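# Structure assessment
Read off the chains here:
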Amino acid sequence: MTWQVAFQLALSGASVGSIYAMVALALVIPYKASGVLNFAQGEIVTLGAYTGLVLSLATSLPFVALIPITLIVAALFGIAIERLLIRPILAAPEFTLVIATFAIGLIIRAAIRLYWQDNTFPLEAPFVGPPLSLGPLRLNPAYLVVIATLLVLVGALIVFFRYSKFGKAMRAVALNVTAARLMGIDINSVFASSWALATAIGALTGLLLAPIIGVNPEIGHLILKALVAAVIGGFTSVGGAVVGGLLLGILETFGGAFFGATFKNVIPFGILILLLLVKPHGLFGRAVQQRV
Amino acid sequence: MLGKGFCAATLASALIALAPHTAAAEQGVTADTITIGAFGPITGPAAYIGLAGRDGANLAIKEINAAGGINGRKISLLFEDDGHSPAKALAAVKKLIDQDQVFAIFCVAGSNGTIGSIDYVKEKGRVMYVSFASAPGVTWPFARNLFRGGTTEVARYGEVYAELIVDYLKGQKVAIMSGREEYPKNEGDALTKQLAAWYNITPVKRAEFNIGDKDFTPQLLEVRQAEPQVIAFFGNPAEAAIALRQAKELGLNQPFFVGTNMTDQSLITAARQSAEGAIGVSLLPLLVGSSDPAMKAWEAKWKQEYPNLPAGRPNTFDLLSYGDMYVLAEALKRAGKDLTRDKLIAALESIKDYRISPIATPRTFTTKHHIGNLRLQPLQEKNGQWEPIAWEAKRPSDVLKRYQ
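Just so you know, the residues in each chain are numbered from 1, in the order the chain's sequence is written. By the order in which they are written, chains take letters starting at A while ligands take numbers starting at 1. Local features in this predicted model are restricted to residues of pLDDT 70 or higher, and side-chain atom pairs are both shown and tallied only at a pLDDT of 80 or more, whereas totals for entire chains, interfaces and linings draw on every residue.

## A few points about the overall build of chain A
Going by this rule: Helix and strand definitions follow DSSP, with helices as H or I runs of at least four residues and strands as E runs of at least two, each counted in order from the N terminus. Atoms counted for the radius of gyration: C-alpha only. Globule rule: 2.2 Å times residue count to the power 0.38. Three exposure classes are used, all based on how many other C-beta atoms lie within 10 Å of a residue's own C-beta (placed from the backbone): buried at 20 or more, exposed at 12 or fewer, and partly exposed between those limits. By the convention adopted here, residues make contact when the C-beta atoms placed from their backbones lie within 7 Å.
Within chain A, the regular secondary structure consists of 12 helices and two strands. Each helix (α) and strand (β) of chain A, taken in turn from the N terminus, gives the series α-α-α-α-β-β-α-α-α-α-α-α-α-α. Taken against the 2.2 N^0.38 rule, which gives 19 Å for 292 residues, the C-alpha radius of gyration of chain A at 19 Å falls within 12% of a compact globule. In terms of principal-axis extent, the alpha carbons of chain A reach across some 60 × 50 × 35 Å. Evaluated residue by residue, chain A yields a buried proportion of 48% over its 292 residues. Put simply, of all contacts in chain A between residues at least 6 apart along the chain, 75% involve residues at least 24 apart.

## Comments concerning the domain arrangement of chain B
All names here are of chain B. Our working definition: Segmentation into domains, and thus their bounds, comes from an automatic or database assignment. Residues are grouped as follows: Ala, Val, Leu, Ile, Met, Phe, Trp, Tyr, Cys and Pro are nonpolar; Asp, Glu, Lys and Arg are charged; every other residue, Gly included, is polar.
Assigned domains within chain B: domain 1 (12-152 + 292-373) and domain 2 (155-282 + 378-403). One C-alpha centre belongs to domain 1, the other to domain 2; they are set 29 Å apart. At the interface, 18 residues of domain 1 touch 20 residues of domain 2. Looking at the side of domain 1 that touches domain 2 element by element, the count peaks at four residues for helix 4 (residues 110-124). Per-class residue counts for the side of domain 1 that touches domain 2 are eight nonpolar, nine polar and one charged.

## Notes on the pairing of strand 1 (residues 33-40) of chain B
The two faces of the sheet receive side chains in turn, since in a regular strand these alternate between them. Residues and elements named next belong to chain B. Note the threshold: Between any two strands, at least two bridges found by DSSP are needed for them to pair. Here a crossover is taken to be right-handed if, once the strands point away from the viewer, the path from the first strand over the helix to the second is traced clockwise.
Buried residues dominate strand 1, accounting for seven of its eight residues. In the sheet, strand 1 pairs with strand 2 (residues 74-81) via eight bridges, with the strands oriented parallel. Paired with G40 across the two strands is D81, which belongs to strand 2. Remark: the strand 1/helix 2 (residues 47-66)/strand 2 crossover connection has right-handed handedness. Inspection of the sheet shows strand 1 paired to strand 3 (residues 104-107) by four bridges, in the parallel sense. Paired with I36 across the two strands is A104, which belongs to strand 3.

## Let's talk about the nonpolar core
As a reminder of what qualifies: Any set of buried Ala, Val, Leu, Ile, Met, Phe, Trp, Tyr and Cys residues joined through C-beta atoms within 7 Å is what this text calls a nonpolar core.
F106(B), C107(B), A232(B) and F233(B) are the most contacted members of the largest nonpolar core, which totals 128 residues. It is helix 11 (residues 316-335) of chain B that provides the largest number of residues to this core, a total of 12 residues. Each of domain 1 (12-152 + 292-373) and domain 2 (155-282 + 378-403) of chain B gives at least three residues to this core. If near-sequence neighbours (up to four positions away) are discounted, F233(B) is found in contact with M177(B), A240(B), A243(B), F256(B), F257(B) and V258(B). By size, the runner-up hydrophobic cluster in this structure holds 82 residues, among which are V23(A), I112(A), A198(A) and V231(A).

## Focus: the interface of chain A and chain B
Each partner contributes residues to the interface: chain A has 24 residues there, and chain B has 24 residues. Of all elements in the fold, only helix 1 (3-34), helix 10 (238-259) and helix 11 (261-264) of chain A reach the threshold of two or more residues within the side of chain A that touches chain B. With five residues, helix 1 of chain A is the largest single contributor of residues to the side of chain A that touches chain B. Here the side of chain A that touches chain B is composed, by residue class, of 10 nonpolar, 10 polar and four charged.

## Focus on the sheet that holds strand 6 (residues 174-179) of chain B
Residues and elements named next belong to chain B. Heads up, the condition is: What counts as an axis is a line fitted to C-alpha atoms, over the stretch in contact for a helix, and the angles between N-to-C directions run from 0 to 180 degrees.
Overall, mixed pairing links the seven strands, which are arranged 7-6-8-9-10-11-12 in an open sheet. What marks the edges here is a single partner per strand, and that holds for strand 7 (205-209) and strand 12 (385-388). Taking the axes of each pair of neighbouring strands and ignoring which way they run, one obtains an average angle of 25° across the sheet. On the sheet, helix 6 (residues 182-199) packs against strand 6, strand 7 and strand 8 (230-234) and is oriented at approximately 155° with respect to strand 6.

## Topic: unusual backbone geometry
All names here are of chain B. Each neighbour pair has its own omega, and for W140 with P141 the value is 0°, a cis peptide bond. Among the structural elements, P141 can be located in the loop between strand 4 (127-130) and strand 5 (146-148). Phi at N383 takes a positive value of approximately 50°, unusual for a residue other than glycine. Summarising the element assignment, N383 is placed in the loop between strand 11 (377-382) and strand 12. Among the residues examined, N383 registers 8 C-beta atoms within 10 Å and is labelled exposed.

Right, here's the structure in full:
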């Protein structure tokens, strides 16, 4: 394998990994805040792609202008799910909540199929085009945009959680809900905001994927890989989700190149099992001790 | 005399009264309706064939019924989704035959679904008109009740692909990338077999992938290592689009040959500039987007019926099923008012060079073979359009020999 091929593989792997990382982030954020694992997150990705498609068909807005509108729509949708469907059953057993989010996902996908069927719709974006040449390298601009988006997103999240009052409130709720409530933090607002943030990130992922692979009801079929990424990272760690996603994408791509396509899909789950044997709480997770 | 006249009148009345009952005795046929069952994938990664197959057939049926139907009866189409799975296709066919009691089956499933249904359809003796599936089992071994319309037999694909690659593209070192499901696997196998039989060439690499894959880097690296002169790709347009783009990123600039299901606008829509220069083979005399007046008129009709469908539609499969539904309708008409399965089979076997308009390839069936179309047109993608190339297959086909 030449260094050029190795670089192409690393770029491709980091791009795929960035997508996994974004969906993993969208899983981890509401989980930290509300303790609910949202199995509909894959369909939120799909919804983001279709929102972009609808806006592009209904208006003549350029792709860049579609992004903020789609994110706002997705955030409102996240708040609606949290307020109307999740909050009323928050006291139910965890398994019930998981099944409820599964059901939400199935409903979203079925609703999309009702109107759009399984046709694949193209969505034009300025970053999809011929590869850029850099010496002997050929760089796919879409890969670069996906990786850059992840980096910007992580930067924005760091600033939000560290320096904004609301971000600090979300961190406090993640640490201890009761203590946060006693400190006067509006827990319900934090729950709703975490869902809004997560659905916006999911929708952004859909918007990035749509011009690359086309818009269809299966575009968000990423939930298992994102879960693996989140678990590798420790599940409750935002940084861990990003590292887990990137690691998974790169290992998957190189694994496929070295061991063939058949093993490519085995690799993520193999890594997960090995990692859990060595570090049961993931790379960045910690065991929580509770006095009873 | 009066008694004889009375008896004759009574007999005539009885015959008239019985006539609809005779027709109604055939499952799926009533006095005013012929119920046809159809199946194909309308969900999942192969939905582009089933949705198009259903929509093309429905457009034809709408026109046929508006023009008075078939010998006074309207066609009614019942459609089942098979999700591109042989098992689901079998379930769909069982439902259509046993529960819905259809008269005949119109199959737009592609090879994967079709192979799941063949044995049951043979067992039940129901006529199945397969609009598109190249799987050998449809027409060989010969079954009287199975017909293949728009697509040709996979062995013929192998012949034309091999000759085109060796004679026109001058490829002696050929790499094949193919999906693992029925159709792409069969086409890859047919090309391999024919390269060996006619040119004593063994592909330098055969790399496989799964339907719906989004990354072909591992397969392309294997292909790159084998240093082929031509890369033949058999899969779906969405897969080919990604593979074409990634091939260029990995420095693979060899001619890219694609199968018939990708030789239409859907590949160009998905692959954009990466499709430039791709070579393919079409089952149709005209592609969507052609400036031919017949195609323009058909496209206008289609878009009026389905105004909200995406770029890339109508595609090859809309055209194939539209043309094939007209072939089936023509046979139903020829079978006469007193419709039976045997009469439909005989009528289909009388179809010779029939097509509804220049947008369709003429179909011919005989009592010896039920392969409706053997025509394949080589094309190359240039500046966002498929253009005919100045080459045609010269070697005589061996495909029909076994039917003699």
